[in-house]
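Chain by chain, the residues:
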Amino acid sequence: MDSIGPHLVPTKDGSSTLHSSVYNAHYHSIHGAYTESMHIFINHGLRDYLADKKKMIDTPINIMEMGLGSGLNALLTAELIDQQKVDYIGIEAHPITEKATYLSLINSLPHALDNKLIESFWDTPWNTPTKITPAFTLEKRHGKIEDLELTPSSIDIIYYDAFAPECQPHLWQETIIRTVLSWLKPGGYLLTYCAKGSFRRTCKSLGCRLESLPGPPGKREISRFVKERKKS
Ligand SMILES: C[S@@+](CC[C@H](N)C(=O)[O-])C[C@H]1O[C@@H](n2cnc3c(N)ncnc32)[C@H](O)[C@@H]1O
């Protein structure tokens, strides 16, 4: 747990992010926290995945987030879905402990989120899947991704939102990534802001197709990996 909790920092689109003095890293892009989350995880993740599958999926889709942090990606996901059920697990090694910090970040977004959703997210107990809207079940998992165990081929979309390879190199290397990708269903997506060549090569060598997409402001490219279906 951070001895000094992360502190709020304004970003260029008016929304706030957090800065961790422990990792010396921002939680989101300083060019726009909200813009980045929407662009990478919501638009090129959830929206594209649902469009790609074309029809409404009857069974819940499973999303795993590496680095739940402020909960911004989880809340934007919960806000977007309506009929489509989502089971969401967000792993976080160092949960934010100051509710005021969480509220300040969430209330800095360009539009107001539903207050009940904001409160439910915070109140949901850790390590317990909890329905926080009729369609959205959230499990805030306290722990390290290194220790997470999930069923192979069970996850539709992974939001891989770790701190940068310069801060936490092992989280972008083959040992962890092999396990993370084993959780993805064939045809599933892994989204990340990271476009580093060695990381991209690792994912490709582990059976994923790379889709290099234009980034949000301040970032030329982002990465979407689609897990290849096994050839029969
Ligand atoms: C880039 S921030 C994620 C921002 C978050 N998605 C949000 O919207 O606020 C990376 C997060 O990973 C967490 N973290 C660092 N090491 C971790 C680990 N080994 N396992 C799980 N979480 C970790 C950090 O505490 C931080 O919250």
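For the structure, see preceding data.
Predicted model only: the values in this text are computed from it and were never measured.

**Let's talk about the site of the ligand**
Consideration 1: Neighbouring residues of the ligand: 22 residues in total, closest Glu-65, Gly-67, Ser-70, Glu-92 and Asp-161.
Consideration 2: At a separation of 2.9 Å, a nitrogen atom of the ligand approaches a polar side-chain atom of Glu-146.
Consideration 3: Contact with the protein chains removes 98% of the 600 Å² of surface that the ligand exposes when unbound.
Consideration 4: Listing elements by their share of the shell around the ligand, those giving two or more residues are strand E4 (61-66) and helix H2 (72-80).
Consideration 5: Residue composition of the shell around the ligand, grouped by class: nine nonpolar, eight polar and five charged.

**Examining the sheet that holds strand E2 (residues 16-20)**
Consideration 1: Across the sheet, three strands lie side by side as E1-E2-E3; this open sheet has antiparallel pairing. Edge positions in the sheet fall to strand E1 (7-10) and strand E3 (25-26), since each has one partner strand and no second.
Consideration 2: Looking at chain direction, E2 and E3 are connected through two bridges and run antiparallel. Looking across to E3, one finds that Ser-20 is bridged to Ala-25.
Consideration 3: Together, E1 and E2 form the strand contacts of helix H3 (residues 99-106), whose direction differs from that of E2 by roughly 140 degrees.

**Observations regarding the nonpolar core**
Consideration 1: If you look at the biggest cluster of nonpolar residues, it comprises 69 residues, and the most contacted ones within it are Met-64, Tyr-88, Ile-157, Tyr-160 and Leu-190.
Consideration 2: The contacts of Ile-157, once residues within four sequence positions are left out, are Gly-45, Leu-46, Tyr-49, Ile-61, Asn-62, Ile-63, Met-64, Leu-184, Tyr-189 and Leu-191.

**Let's talk about the environment of Gln-84**
Consideration 1: Counting through the fold element by element, Gln-84 comes out in the loop between H2 and strand E5 (86-92).
Consideration 2: Classification of Gln-84 by relative accessible area gives buried; the value is 2%.
Consideration 3: Taking the C-alpha atoms as reference points, Gln-84 and Ala-135, separated by 51 residues in sequence, lie 6.5 Å from one another.

The rules behind each value
- Residues numbered from 1 in each chain as written.
- Predicted model: local features only at pLDDT ≥ 70, side-chain atom pairs only at ≥ 80, totals over all residues.
- Heavy atoms only, no water.
- Near = heavy atom within 4 Å.
- Polar contact = N/O pair within 3.5 Å; in protein donor to acceptor, adjacent residues only side chain to side chain.
- Areas by Shrake-Rupley, 256 points an atom, 1.4 Å probe, with all protein chains shown as cover.
- Helix = DSSP H or I, 4+ residues; strand = E, 2+ residues; numbered from the N terminus.
- Nonpolar A, V, L, I, M, F, W, Y, C, P; charged D, E, K, R; others polar.
- Pairing = 2+ DSSP bridges.
- Contact = heavy atoms within 4.5 Å.
- Axes fitted to C-alpha atoms, helices over the stretch in contact; angles between N-to-C directions.
- Core = buried A, V, L, I, M, F, W, Y, C linked by side-chain atoms within 4.5 Å.
- Buried < 20%, exposed > 50% of the residue type's maximum accessible area, 1.4 Å probe, protein only.

These figures capture arrangement, not role.
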